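# Observations on the three-dimensional arrangement
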Amino acid sequence: MRVEQYDEKKIADQLLCTETRHKAFEAVVRQYSEQLYWQVRRIVLTHEDSNDVLQNVFIKAWSHLDSFRNDSKLSTWLYRIAINESLDFMRRSKNRSSVSADAEDSGVAQMLLADEYFDGNETEAMLQEAISRLPDVQRTVFNLRYFDDMKYSEMSKILKTSEGALKASYHIAVKKISEYFKSHD
């Protein structure tokens, strides 16, 4: 069985052509589903909500293909959609009060440990608890840098902000996470 090599530039060009759009989008979904799922999951936290948000990411990407200018990487565009959809989901959840004050204050670790899809230990759950306490921008920058090892230059394109601001956000986030762990020894 021959495995076809994924060529982002070629796929991006095919997405812009109506004759090849469907097949190219299927390749995009296969290529990016897992990494986008984990990006969404680190913001949204639960498996079920992450799947819902990921589905919305691909729906939004499909319905806005005409707005993809192909002057940035396809992955950058998809990450931007995933992060925005995740943050929008979290804002809507808070506005509907579906996230209780208790969950925000101390329940993230317990919620993750009770989640059958979470395969981490208590330390990883505590890390997620500490991350969940960060403001949206710091949480997003920390996740992209720490978990995805993304370069600040790439983050700058996704988040549309300067590399200096991103570096500052990351270092503040690390400091807050460290303080959280010290206070929970």
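Anyway, here's the lowdown on the structure attached to this text.

Thresholds applied
Residues numbered from 1 in each chain as written. Predicted model: local features only at pLDDT ≥ 70, side-chain atom pairs only at ≥ 80, totals over all residues. Heavy atoms only, no water. Helix = DSSP H or I, 4+ residues; strand = E, 2+ residues; numbered from the N terminus. Contact = heavy atoms within 4.5 Å. Buried < 20%, exposed > 50% of the residue type's maximum accessible area, 1.4 Å probe, protein only. Core = buried A, V, L, I, M, F, W, Y, C linked by side-chain atoms within 4.5 Å. Phe/Tyr/Trp six-rings, centres within 6.5 Å; stacked < 30°, edge-to-face > 60°. Axes fitted to C-alpha atoms, helices over the stretch in contact; angles between N-to-C directions. Parallel < 35°, antiparallel > 145°, perpendicular 65-115°, else oblique. Nonpolar A, V, L, I, M, F, W, Y, C, P; charged D, E, K, R; others polar.

### So, the side chain of Ser75
Within the fold, Ser75 resides in helix H4 (residues 74-95). Residue contacts for Ser75: discarding those within four places in its chain leaves Glu8 and Tyr32.

### Description of unusual backbone geometry
Of note in the backbone geometry, Leu45 takes a positive phi value of approximately 80° without being a glycine. Secondary-structure assignment places Leu45 in the loop between helix H2 (21-44) and helix H3 (47-63). According to the relative accessible area criterion, Leu45 is buried, its value standing at 7%. Of note, the phi angle at Asp149 is positive, near 50°, even though the residue is not glycine. With respect to the helices, strands and loops of the structure, Asp149 is situated in the loop between helix H7 (136-147) and helix H8 (152-159). Note on Asp149: relative accessible area 57%, which makes it exposed.

### With respect to the nonpolar core
Leu15, Val28, Leu36, Leu74, Trp77 and Leu78 are the most contacted members of the largest nonpolar core, which totals 46 residues. Mapped onto this core, the elements with two or more residues apiece are helix H1 (8-15), H2, H3, H4, helix H6 (122-132), H7, H8 and helix H9 (163-183). Sequence-distant contacts of Leu78, that is, excluding residues within four places in its chain, are made with Val28, Tyr32, Leu36, Val57 and Ala61.

### Structural notes on the packing of aromatic side chains
Two aromatic rings, taken as a pair, are described by how far apart their centres are and by the angle between their planes. The final tally for this structure, using the stated rule, is 10 aromatic pairs. With centroids separated by 6.2 Å and ring planes inclined at 90°, the aromatic side chains of Phe25 and Phe58 adopt a geometry described as edge-to-face. Here the residue Phe25 occupies a position in helix H2, and Phe58 occupies one in helix H3, the gap between them amounting to 33 residues. Judged by relative accessible area, Phe25 falls into the buried class, the value being 11%. Both rings, one in Phe68 and one in Trp77, keep their centres 5.1 Å apart while their planes meet at 45°; by these two values the pair is tilted.

### Let's talk about the packing of H8 against H9
Running from amino to carboxyl end, H8 crosses H9 at an angle of 105°, the nearest separation of the two axes being 9 Å. By the angle class used here, H8 and H9 are roughly perpendicular. Of the residues in H9, those touching H8 at Tyr152, Ser153, Met155, Ser156 and Leu159 are Glu163, Leu166, Lys167, Tyr170 and His171. The residue makeup of the contact of H8 with H9, split by class, is five nonpolar, three polar and two charged.

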